[in-house]
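# Descriptive structure summary
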Amino acid sequence: MTLIFERPPKVTFSLTQTCNLQCVHCYGDCNRVMPRPELTAEEWLGLIDGLAANGVIETYIEGGEPFYKDGIFDMLRKAARNTMTLVRTNGTLIDRKAARRLKAIGIGRVLVDIMGANPATHDWFMGVPGSFEKALNAVRCLVDAGVKTDLLTILTKRNAGEIQAIVDLAAACGAERVGLLRLYPLGRVKRLWSELALSLDEQMAVVTAVNERPGVTIMRSWHPKDRNCCWQAATVNAFGDSIGCPYLREYVNFGNVKEVSLMTTWRENPLYRQLRSGAVEHSCASCDTNDGSRGGCRSTAYAFHGRWTAPDPFCSTLNQGVDLSVLPEWLLQENPKPPRETGP
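Computed from a predicted structure; not experimentally measured.

### A look at the packing of aromatic side chains
Counted under the stated rule, the structure contains 14 aromatic pairs. Taking 5.1 Å as the distance between ring centres and 50 degrees as the angle between the ring planes, the aromatic pair formed by Phe 13 and Trp 44 counts as tilted. Placement of the pair is Phe 13 in strand 1 (residues 10–14) and Trp 44 in helix 1 (residues 41–53), with a sequence separation of 31 residues. A relative accessible area of 0% means that Trp 44 is categorised as buried. A centroid spacing of 6.4 Å and a plane angle of 50 degrees characterise the contact between Trp 193 and Phe 304, whose relative ring orientation is tilted. Residue Trp 193 is located in helix 7 (residues 193–196), and its partner Phe 304 is located in helix 12 (residues 298–305); the two are separated by 111 residues in the primary sequence.

Pasting the structure below:
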């Protein structure tokens, strides 16, 4: 049964849509001209205080590149004072001094994006030469400083043959975990979908073949191991919009936190409540025994089916013949709306 929370236990802050890299697969399409101002550091600090007072227990901070945002260490310090705080980064701005600061602040975990096991692959994705060596240096600095550190990689055609090598790299650097993530049809990656996207069978072949190494755990974001996070998560984007999850960024806007509190949105927005309800078509018994997952990710379900209640097509049991290597045409619209949208 899906749990019902009075408040979100976890909140993601997508602090900025600016970055020091030019990633070809960027979900946020960072560094383009922004339509409106981002929240200031002072506004983020106020939001962090308010959420901590309302009992949020975990804060996940990402970008863009969060260390490219003015005031980032002040924000991390305040978040870590009251919540378990994780930060996702491309690693290029973290040196030994920054790693020691993060340790002193009390950061719970840092997740560093590694898109290949060698400079040629990784730097192609990141769009800036030298990114691979800087990211690996960040991992080593963080580990040496005693900060729990993960590597994150997104599975694509271009790096599918390097996934095991990335796990081996994590072991060599002292990282504790590797997050093996699916590819989401968002931002810039939509324009490269045919070049990067694998079929579900191809994905499963890689996911099932990769092996853990001593001291390194592999996290896989494929249903049913990847639960329906909507029931427990909230996200605020760089402009203050409540969007539920970073992977819902192009599909929903539940209201801006400068106009209505996140707690009010959580409790009252009808679509937000629907997504957290676990009402999913054809969900199988394993969903109910896996942290209330109920049909997997709502973002990919909506992207490929155009319905919020559809099953996650990244689930081998409930794929229903969806070819994940082919992108639905409606997703290429500037403001994506499915041809037969259902629900609120």
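### Some points on the state of the cysteines
Scanning the entire structure with this criterion turns up zero disulfides. With no disulfide partner, Cys 30 has as its closest neighbouring cysteine sulfur the one in Cys 26, 3.6 Å distant. The buried category is assigned to Cys 30, whose relative accessible area is 5%.

### A closer look at the sheet that holds strand 3 (residues 84–89)
Strand order across the open sheet formed by eight strands is 7-6-5-4-3-2-1-8, with parallel pairing between neighbours. In the strand order of this sheet, the two ends are held by strand 7 (217–220) and strand 8 (233–236), each with one partner. Averaged over neighbouring strand pairs, the angle between their axes works out to 20 degrees when direction is ignored. Pairing analysis gives four bridges linking strand 3 to strand 4 (residues 109–113), with the strands arranged parallel.

### Re the nonpolar core
Phe 13, Leu 76, Ile 94, Leu 102, Val 110 and Tyr 251 are the most contacted members of the largest nonpolar core, which totals 108 residues. Considering every element that reaches this core, the biggest residue donor is helix 5 (residues 131–144), with seven residues. Setting aside its immediate chain neighbours within four residues, Ile 94 contacts Phe 67, Thr 89, Ala 99, Leu 102, Val 110, Asn 137, Ala 138 and Leu 142.

### Re the environment of Leu 39
With respect to the helices and strands, the residue Leu 39 is situated in the loop between strand 1 and helix 1. Between the C-alpha atom of Leu 39 and that of Thr 16, which follows or precedes it by 23 residues, the distance is 8.3 Å. Not counting residues up to four positions away in its chain, the partners in contact with Leu 39 are Trp 44, Lys 69, Val 236, Ala 238, Phe 239, Gly 240, Val 257 and Lys 258.

### Remarks on the environment of Tyr 272
Secondary-structure assignment places Tyr 272 in helix 10 (residues 270–276). Taking the C-alpha atoms as reference points, Tyr 272 and Ala 234, 38 residues apart in sequence, are found 9.5 Å from one another. With near-sequence residues (within four places) excluded, Tyr 272 lies in contact with Ala 233, Ala 234, Ser 242, Gly 244, Phe 254, Thr 265 and Trp 266.

### Regarding the pattern of salt bridges
Within this structure, the stated rule accounts for 18 salt bridges. In this structure, Arg 32 engages Asp 29 in a salt bridge whose closest nitrogen and oxygen atoms are separated by 3.6 Å. In this structure, Asp 29 engages Arg 188 in a salt bridge whose closest nitrogen and oxygen atoms are separated by 2.9 Å. Placement of the pair is Asp 29 in the loop between strand 1 and helix 1 and Arg 188 in the loop between strand 6 (177–181) and helix 7, with a sequence separation of 159 residues. Residue classification places Asp 29 among the buried positions, given a relative accessible area of 19%. Salt bridges here are not isolated pairs; linked through shared partners, they connect Arg 109, Asp 150, Glu 176 and Arg 177.

### Structural notes on the packing of helix 3 (residues 96–105) against helix 5
Two elements in contact, helix 3 and helix 5, have axes whose closest approach is 8 Å; the angle formed by their N-to-C orientations is 45 degrees. One finds that helix 3 runs oblique with respect to helix 5. Crossing handedness for the pair helix 3 and helix 5: right-handed. Contacts between helix 3 and helix 5 involve Arg 96, Ala 99 and Leu 102 on the former and, on the latter, Cys 141, Leu 142 and Asp 144. By residue class, the composition of the contact of helix 3 with helix 5 is four nonpolar, no polar and two charged.

### So, the pairing of strand 2 (residues 58–62)
Of all five residues in strand 2, four are buried, a share of seventy percent or more. Of the strand pairs in this sheet, strand 1 and strand 2 are connected by five bridges, and their pairing is parallel. Bridge pairing links Ser 14 to Glu 62 in strand 2. Taken together, strand 1, helix 1 and strand 2 constitute a β-α-β crossover, and its handedness is right-handed. Taken together, the four bridges between strand 2 and strand 3 define a ladder with parallel strand orientation.

What counts, and where the lines are drawn
Residues numbered from 1 in each chain as written. Predicted model: local features only at pLDDT ≥ 70, side-chain atom pairs only at ≥ 80, totals over all residues. Heavy atoms only, no water. Phe/Tyr/Trp six-rings, centres within 6.5 Å; stacked < 30°, edge-to-face > 60°. Helix = DSSP H or I, 4+ residues; strand = E, 2+ residues; numbered from the N terminus. Buried < 20%, exposed > 50% of the residue type's maximum accessible area, 1.4 Å probe, protein only. Disulfide = S-S within 2.5 Å. Pairing = 2+ DSSP bridges. Axes fitted to C-alpha atoms, helices over the stretch in contact; angles between N-to-C directions. Core = buried A, V, L, I, M, F, W, Y, C linked by side-chain atoms within 4.5 Å. Contact = heavy atoms within 4.5 Å. Salt bridge = Lys/Arg side-chain N within 4 Å of Asp/Glu carboxyl O. Parallel < 35°, antiparallel > 145°, perpendicular 65-115°, else oblique. Left-handed = near helix turned anticlockwise from the far one by under 90°. Nonpolar A, V, L, I, M, F, W, Y, C, P; charged D, E, K, R; others polar. Right-handed = clockwise from strand over helix to strand, strands pointing away.

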